[in-house]
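Given next are the chains, with one letter for each unit.
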Amino acid sequence: MMDEETITGILGAKGSFAREVPGFAPREVQQTMARAVAQAIDRAGTLVAEAGTGTGKTFAYLVPALVSGKRVIVSTGTKTLQDQLFHRDLPRVRQVLGVPLKASLLKGRANYLCRYRYDQTLRDGQFMASVAGRAMPAVRAWAARTSSGDRMELAEVPENSPIWPRVTSTVENCLGSECPFFDDCYVFKARRAAQESDLVVVNHHLLLADMALKADGYGEILPGAHAFILDEAHQIPELAGQFFSQTASARQASELVRDALTECGELSGALDALRAPLEAIEPLLREARLALVDLPERGAFVLIERQPAARDAIEALAAGVATLEAALLGQAERSRGMAAVHARAQLLRSRLKRVLDAEGEPGDVRWYETSAHGFQLSVTPLDIATPLRRWREDSGAAWI
């Protein structure tokens, strides 16, 4: 067990922080919080702590986490805070405490360069000649020197640049262990480092993605831990609603078509077999978006059901995706990439079916949202407290 007096002493007037950190001011509320965190970690308990600006919350949870000697996962509200915690706060605390532990930073797969998709994009002359393709020289230079593949390293290319979806992966389009670049995969390397670390810094999006994978029976991303510390935990309910939602969007359909066309370039005869169902999707998307133009930007799906033209347009899109899925099945065995595209078509078709199902599951909320050029249709469970509570209890860990 951790000695709570030791925790207090470290952060006290005569402690190591007061001696070694310029401008550090001992605060009783910080010490109180640190003792409570230490107690929760020792007892595998649950602690909800709220403290005002200036309390020094980060040190108040990092000190007992590092002194505990247990495996701890710290989750932050944003990627910016995640980077700040890992690159600034954590090294400072480790230096002051002199604790020999291994720490790692882990983000979602969309934050890492995907070698497979990068290789495909390099060979796509049409994309390279586009406006988005003009960012490729910077990406190319970075790809040659990066050791982590973390796109945060390339600040000169904006986060919303259209280049990123072309050179990063998603759960849907990742080939996993079937990928020809799997041994050099940045996501795989980052996850392996996390499995071997004493302290892992993640963000809430990744934490909830891990939970959603476990709930679906697909294993896990994060290593088991003795304690989970959620900084800015008030964001969890809204984010959890998003992660337990099933969404079908215009963007998913467009990217499916684009990636299928890319895979066709690798297989003789594939384009001839798939041309018609692939070319049918974009007009169906335009018609669906046009049919939604008179509706509010966001609302319950029943508003679409009350508009026959809108309902018919969404059903026509679902039928088009089903036709494409059937056509892709005939090509799926020809390459790993085409098999992944077929699996994505299956998923999109099933999500559209679920949104269109008026009966649905008890407790489901169906809704839509439109943007300037697209739309998304979602099914969200009304109750997220139950799966979150089950996850927490099943872990047997401390939750702070």
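Here, the structure is the one placed above.
Being a predicted model, the structure only gives us computed values, none of them experimental. (Residues numbered from 1 in each chain as written. Predicted model: local features only at pLDDT ≥ 70, side-chain atom pairs only at ≥ 80, totals over all residues. Heavy atoms only, no water.)

(A) Molecular detail of the overall build of the chain. If you tally the helices and strands in the chain, you get 18 helices and nine strands. With the C-alpha coordinates aligned to their principal axes, the bounding extent of the chain is approximately 75 × 50 × 35 Å. When each of the 400 residues of the chain is scored for burial, the buried share is 48%. Taking all contacts inside the chain whose residues are at least 6 apart in sequence as the whole, residues at least 24 apart take part in 74%. Surface accessibility of the chain: about 19,900 Å² in total, with carbon and sulfur atoms responsible for 52%. (Helix = DSSP H or I, 4+ residues; strand = E, 2+ residues; numbered from the N terminus. Buried < 20%, exposed > 50% of the residue type's maximum accessible area, 1.4 Å probe, protein only. Contact = heavy atoms within 4.5 Å. Areas by Shrake-Rupley, 256 points an atom, 1.4 Å probe, with all protein chains shown as cover.)

(B) The side chain of Thr 76, seen in detail. Tracing the chain through its elements places Thr 76 in strand β1 (residues 72-76). Take Thr 76: its relative accessible area is 3%, and that puts it in the buried class. The residues touching Thr 76, leaving out its near neighbours within four places in the chain, are Leu 81, Gln 82, Leu 85, Val 202, Asn 203, His 204 and Asp 231.

(C) The arrangement of the packing of aromatic side chains in detail. Evaluation of the coordinates by the stated rule reveals seven aromatic pairs. A centroid spacing of 4.3 Å and a plane angle of 10° characterise the contact between Phe 228 and Trp 399, whose relative ring orientation is stacked. Here Trp 399 lies in strand β9 (residues 398-399) and Phe 228 lies in strand β4 (residues 227-230), a separation of 171 residues in the sequence. According to the relative accessible area criterion, Trp 399 is buried, its value standing at 8%. (Phe/Tyr/Trp six-rings, centres within 6.5 Å; stacked < 30°, edge-to-face > 60°.)

(D) Quick peek at the side chain of Gln 31. By the secondary structure assignment, Gln 31 is in helix α3 (residues 28-43). Residue classification places Gln 31 among the buried positions, given a relative accessible area of 12%. Residue contacts for Gln 31: discarding those within four places in its chain leaves Thr 8, Leu 11, Gly 12 and Pro 26.

Honestly, it's all geometry; don't read function into it.
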